[in-house]
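One letter stands for each residue in the lines below.
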Amino acid sequence: MKFFIDTANLDQIKEAQELGVLDGVTTNPSLMAKEGITGKNNILKHYVDICNIVDGDVSAEVNAIDLEGMIKEGEELADLHEQIVVKLPMTKDGVKAAKYFSDKGIKTNVTLVFSAGQALLAAKAGATYVSPFIGRLDDVSTDGLALIEEIRLIYDNYGYETQILAASVRHTMHIVNCAKIGADVMTGPLSAITGLLKHPLTDIGLAQFIADFEKGNK
Ligand code: E4P
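So, how was this worked out
For every chain, the first residue of its written sequence is number 1, and the numbers climb from 1 along that sequence. Local features are withheld for residues below a pLDDT of 70 in this predicted model, meaning they are given only at 70 or higher, and side-chain atom pairs are given and counted only at 80 or more; totals for whole chains, interfaces and linings count all residues. The term nonpolar core means buried Ala, Val, Leu, Ile, Met, Phe, Trp, Tyr and Cys residues held together as one set by C-beta atoms within 7 Å. Partly exposed residues are those falling between the two cut-offs: more than 12 but fewer than 20 other C-beta atoms within 10 Å of their own, whereas 20 or more means buried and 12 or fewer means exposed, with C-beta atoms placed from the backbone. Numbering of helices and strands runs from the N terminus; a helix is a DSSP stretch of H or I covering at least four residues, while a strand is a stretch of E covering at least two. Distance between backbone-placed C-beta atoms decides contact: two residues are in contact if it is within 7 Å. UniProt positions are given in the numbering used here, feature names are shortened, and annotations may be inferred rather than shown by experiment. Throughout this description, a residue near a molecule or strand is one whose C-beta atom, derived from the backbone, lies within 6 Å of it. Each residue is assigned to one class: nonpolar for Ala, Val, Leu, Ile, Met, Phe, Trp, Tyr, Cys and Pro, charged for Asp, Glu, Lys and Arg, and polar for all the others, Gly among them. Strands were regarded as paired on the criterion that DSSP finds at least two bridges between them. When the strands point away from the viewer and the connection leading from the first strand across the helix to the second strand turns clockwise, the crossover is called right-handed. All axes are obtained by fitting lines to C-alpha atoms, using only the stretch in contact for helices, and the reported angles, taken between N-to-C directions, cover 0 to 180 degrees. Just so you know how the angles are binned, under 35 degrees is roughly parallel, over 145 roughly antiparallel, 65 to 115 roughly perpendicular, and the rest oblique. Should the near helix be turned counterclockwise from the far one by less than a right angle, the crossing is left-handed, whereas a clockwise turn marks it as right-handed.

> Would you mind going over the nonpolar core with me for this structure?
General note: in soluble globular proteins, nonpolar side chains tend to be found buried as a group. In terms of nonpolar packing, the biggest core is built from 52 residues, with A98, A122, V130, A166 and M186 touching the most fellow members. Counting residues per element, this core draws most heavily on helix α5 (residues 92–103), at 5 residues. Leave out the neighbours within four places in its chain, and M186 touches M1, F3, F4, A166, V169, I175 and C178.

See the structure below:
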């Protein structure tokens, strides 16, 4: 399973990259705003800065909601860097734009997916990635992981190549369960990725090894 980090924070992206487990980055307009990145030129420059840190796909979301606007914005984003993936909302125009870009060989990520039917449409449009938001489903008492299972079944039935990018991942068990189900990619915060490192028995065992080594090598 590929690990993407879901942030526009350059320090966090660097930290995940240095860990050696990072395969890509996802951003969205809220994450860009959180970092105070505003204005077209600053936003475009920030995407290039991200591409220069990570060796992998970087999802950059369009802000337009009409087809013409999505195509114009998406082409501009795709021209920025070969690692850019054009992120499009799951709407009628978003699906049309996904088809347009996939026909041109430009990678896409269809976002804001909350049902298996939406994921089926994204695959038929030739999207590179589909992003079901599992954390936001869990937030409204709906099983986000069950949606990943449903999409996995449907895509495997027909051999769709669209990669399931489990998004809105909030914690370590989301990551572990996505891996068990067979999500192709997960995107989550740095805290969920580094949380995978932690186990008290590792800490206790290491302290014991250090103490025993020091006793024998005084
Ligand atoms: C996906 O690409 C989105 O950026 C993201 O995962 C949304 O996560 P949130 O529900 O934590 O905002």
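So that's the structure; there's more coming.
> Please explain unusual backbone geometry as it appears in this structure.
Negative phi values dominate among residues other than glycine, just as trans dominates among peptide bonds. With a phi angle near 60 degrees, S141 is a residue other than glycine that sits in the positive phi range. Take S141: it is sitting in the loop between α7 (134–139) and α8 (144–158). Judged by local crowding, S141 falls into the exposed class, with 6 C-beta atoms found within 10 Å. For S168, which is not glycine, the phi torsion reads 60 degrees and is therefore positive. Taking the number of C-beta atoms within 10 Å as the measure of exposure, S168 has 21 and is therefore buried.

> I'm lost on the UniProt feature "active site" (unreviewed entry) in the protein in this one. Help?
Mapped onto this numbering, the UniProt entry annotates "active site" (unreviewed entry) at K87. Turning to its location among the elements, K87 is positioned in strand β4 (residues 84–89). Setting aside residues up to four positions removed in sequence, K87 forms contacts with S59, A60, E61, V62, N109 and T111.

> Just checking my understanding: could you explain the site of the ligand for this structure?
Close to the ligand lie D6, T26, N28, T111, S131, F133, G135, R136, A167, S168 and T187. Of the residues in the shell around the ligand, the class split is 2 nonpolar, 7 polar and 2 charged.

> Please explain the pairing of strand β5 (residues 108–113) as it appears in this structure.
Consecutive residues of a regular strand have side chains that alternate between opposite faces of the sheet. Burial analysis of β5 places 5 of its 6 residues in the buried class, the great majority of the element. Relative to β5, β4 runs parallel, the two being bridged by 4 bridges. Paired with K87 across the strands is N109, a residue of β5. As judged from the 3 bridges shared by β5 and strand β6 (residues 129–132), these two strands associate in the parallel manner. Across the sheet, the residue bridging to V110 is V130, located in β6. Viewed along the sheet, the connection from β5 through helix α6 (residues 116–124) into β6 turns out right-handed.

> Whenever I open this one, the packing of helix α1 (residues 10–19) against helix α3 (residues 40–53) confuses me. Can you help?
Axis angle and axis distance: for two packed helices, these are the angle between their axes and the distance between the axes, and together they describe the pair. One way to put it is that α1 packs onto α3 with a least axis distance of 10 Å and a crossing angle of 15 degrees. Classed by the angle they form, the pair α1 and α3 counts as roughly parallel. Considering only the axes of α1 and α3, their crossing is right-handed. Contact residues: L10, I13, K14 and Q17 in α1; D49, I50 and I53 in α3.

> Can you walk me through the environment of G135 in this structure?
Checked against the element boundaries, G135 lands in helix α7. Spatially, the C-alpha atom of G135 lies 9.1 Å from that of H171, the residues being 36 residues apart in sequence.

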